[in-house]
Amino acid sequence: MDEQRIKQLIDLLADSDLGELTFSEGGSTLTIKRKATAEALPRTTDAPPVAKPAAAMPATSVAAPLAAVEAAITEVRAPLYGVLHLTPSPDEPPFVTQGQHVAAGAMLCLVEAMKMFHQVKAPYAGVVERILAEPGQEIEADQPLFSLRAPEASA
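Undergrad: Explanation requested: the overall build of the protein in the structure shown.
TA: Helix and strand counts for the protein come out as 2 helices and 11 strands. Beginning at the N terminus, the succession of helices and strands in the protein can be written as α-β-β-β-α-β-β-β-β-β-β-β-β. Put simply, the protein has 155 residues, and 29% of those count as buried. Split by element, the accessible area of the protein, about 9,400 Å² in all, is 56% carbon and sulfur.

The structure is reproduced here in structure tokens:
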């Protein structure tokens, strides 16, 4: 089995609700299993974002508000391996920019895998804190793409 065929099977499993996929070809058998833990990759781009852990802070009167703001920042992660597109086409403006307010479900980017485009949408309304990947970059599944801050943490 060649590497390209294996990548196709991994993407097929990632895009389905299956927990396991077994494929036989030319006397070889390959079994791919999805993680069964709470840390398993989301099956759709509309899944809740994974919150990044808050950094340890000294106990001061300023630490509590800062911790609350940092806890409200989440990372929107890539749903699968592919090429990142931050614009709908090369001659158009990006879907979002740093500092932009976005609505829940707003398009953030596209991930191209096997000549198919997968939409990555904002899981909730908020502010794009940072764009963590470059356009045209090959990205890995579960790689952080955006830092998104909840609107109540914007103050």
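Still to come is the rest of the account.
Undergrad: What exactly am I supposed to notice about the sheet that holds strand S7 (residues 107-113) here?
TA: Whether parallel or antiparallel, the strands of a sheet pair through hydrogen bonds between backbone atoms. Strand order in this open sheet of 4 strands is S8-S7-S5-S10, and the pairing throughout is antiparallel. The sheet is open, and its two edges are formed by strand S8 (116-121) and strand S10 (138-139), each paired on a single side. Across 2 bridges, the pairing between strand S5 (residues 82-85) and S10 is antiparallel. Across the sheet, Val83 pairs through a bridge with Glu138, a residue of S10.

Undergrad: What is the right way to read the pattern of salt bridges from this model?
TA: Taken as a whole and assessed by the stated rule, the structure comprises 3 salt bridges. The partner of Arg77 in a salt bridge is Asp142, and the shortest N-O contact between them spans 3.9 Å. Of the two residues, Arg77 is situated in strand S4 (residues 73-77) and Asp142 in the loop between S10 and strand S11 (144-149); the sequence distance between them amounts to 65 residues. The class of Arg77 is partly exposed, set by a relative accessible area of 24%. Connected via shared salt-bridge partners are Glu75, Arg77 and Asp142.

Undergrad: Would you mind going over the pairing of S5 with me for this structure?
TA: Taken residue by residue, a regular strand's side chains alternate between the two faces of the sheet. As paired elements, S5 and S7 share 3 bridges and run antiparallel to each other. Along S7, the bridge assignment pairs His85 with Leu110.

Undergrad: So what exactly am I meant to see when it comes to the nonpolar core here?
TA: Core analysis: the largest hydrophobic core is formed by 19 residues, its most contacted members being Leu84, Val102, Leu108, Cys109, Ile139, Leu145 and Phe146. Counting residues per element, the ones that place at least two in this core are S7 and S11. Among the elements that make up this core, the one with the highest residue count is S7 (4 residues). The contacts of Leu108, once residues within four sequence positions are left out, are Val76, Phe95, Val96, Val102, Val120, Lys121, Ala122 and Phe146.

Definitions and cut-offs
Per chain, the residues get numbers from 1 upward, laid out in the order the sequence is written. Thresholds applied to this predicted model are a pLDDT of at least 70 for local features of residues and 80 or more for the giving and counting of side-chain atom pairs; totals over whole chains, interfaces and linings are not thresholded and use all residues. Values shown for side chains rest on all heavy atoms present in the structure; no hydrogens or waters enter the calculation. Numbered from the N terminus, helices here are DSSP runs of H or I no shorter than four residues, and strands are runs of E no shorter than two. Three labels apply to residues, based on accessible area from a 1.4 Å probe with only protein chains included: buried if under 20% of the type maximum, exposed if over 50%, partly exposed otherwise in between. Only the protein chains shown count as cover for residues, with accessible areas throughout obtained via the Shrake-Rupley method and a probe of 1.4 Å. By definition, two strands form a pair when at least two bridges between them are found by DSSP. Any carboxyl oxygen of Asp or Glu that lies within 4 Å of a side-chain nitrogen of Lys or Arg is treated as forming a salt bridge with it. Working definition of a nonpolar core: buried Ala, Val, Leu, Ile, Met, Phe, Trp, Tyr and Cys residues. They are joined through side-chain atoms within 4.5 Å. Contacts: residue pairs with any heavy atoms within 4.5 Å of one another.

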